[in-house]
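Per-entry structural report
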Amino acid sequence: MSRSIQHRGIIESINGNSIRVIVSQQSACDGCHAKGICSDKGKERAIDIETPNANDFSVNERVIVSLVNKSMAFSSVVWGYVLPLIVLLIALFTFTSCGIDDGISAILSISAIAIYYIGLYPFRNKIKQKIQFTIIKE
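Quantities reported herein were computed from a predicted structural model and do not represent experimental measurements.

Take helix 2 (residues 102–120) next. Taking 1.5 Å as the rise per residue, helix 2 with 19 residues should run 27 Å; its terminal C-alpha atoms sit 27 Å apart, in good agreement. If you check which residues of helix 2 are buried, you get Ser105, Ser109, Ala112, Ile113, Tyr116 and Leu120. For helix 2, the angular spread of buried residues about the axis comes to 95°, placing them on one side. Those residues of helix 2 that are exposed and angled more than 90 degrees off the buried face are Ile107, Ile110, Ile115 and Ile118.

Structure, rendered in structure tokens:
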């Protein structure tokens, strides 16, 4: 049985069936030797959770937010980081092998990533439906 991914957070707002929870991204930093110089240290993220029992919660309440299925997290990493890296590398090797200057190849490769994210943007709602969180009281 796989363990779900969990974050502790505080409810920022409740609007109908939607709860916005602020979570702090510190868990990975605790064991890192470079945590003192990292720019991502203690960064807070807002997660919007759709739940039919939103009226069971209150603002400023401490909760635990869970991503039930690890494959959803893996899918997010692939779409958000792995595929753009592949696009970057393919574009870079293609442009440099065509004899284009290295600086221009780099700029064109970064532009290819921008085009990738622009192409991904219309599918944000479909992706959002697949990645669902659950919320429980702490």
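A few words now on the pattern of salt bridges. Considering all chains together, one arrives at three salt bridges under this definition. The residue Arg8 makes a salt bridge to Glu138 at a minimum N-O spacing of 2.6 Å. With a gap of 130 residues between them, Arg8 in strand 1 (residues 5–15) and Glu138 in the segment after strand 5 (133–137) connect regions that are remote in the sequence. The class for Arg8 is exposed, based on a relative accessible area of 59%. Among the salt bridges present, the one from Lys137 reaches Glu61, with a minimum N-O distance of 3.1 Å. In this pair, Lys137 sits in strand 5 while Glu61 sits in the loop between strand 3 (44–50) and strand 4 (62–67), placing the two residues 76 residues apart along the sequence.

Moving on to a nonpolar patch on the surface. Where nonpolar side chains cluster on the molecular surface, the patch consists of Val77, Tyr81, Val82, Ile86 and Ile90 and spans about 490 Å² of accessible area. Its place among the elements puts Val77 in helix 1 (residues 70–97). A residue is classified by how much of its surface remains accessible, and Val77, at 40% relative accessible area, is partly exposed.

Cut-offs applied
- Positions within a chain are numbered from 1, following the residues in the order the chain's sequence is written.
- Where local features are concerned, this predicted model is filtered to residues with pLDDT of at least 70; where side-chain atom pairs are given and counted, the filter is 80 or more; whole-chain, interface and lining totals use all residues.
- As a rule here, side-chain values come from all non-hydrogen atoms in the structure, and water together with hydrogens is ignored.
- Each helix is a run of DSSP H or I of at least 4 residues and each strand a run of E of at least 2, with the numbering of both proceeding from the N terminus.
- Multiplying 1.5 Å by the helix residue count minus one yields the expected span of that helix.
- Throughout, exposure labels follow a simple rule: accessible area from a 1.4 Å probe, protein chains only, divided by the maximum for the residue type, with under 20% read as buried, over 50% as exposed, and the rest as partly exposed.
- Starting at the helix axis, one direction is taken to each C-beta atom, and the arc is that of these directions.
- Salt bridges are counted wherever a side-chain nitrogen of Lys or Arg sits within 4 Å of a carboxyl oxygen of Asp or Glu.
- Surface patches are drawn from residues lacking salt bridges whose relative accessible area is over 30%; two like charges belong together within 9 Å, two nonpolar side chains (Val, Leu, Ile, Met, Phe, Trp, Tyr) within 5 Å.
- Here, Shrake-Rupley sampling with a 1.4 Å probe gives the accessible areas, and only protein chains in the shown set may cover a residue.

Distances and angles like these do not, on their own, reveal function.
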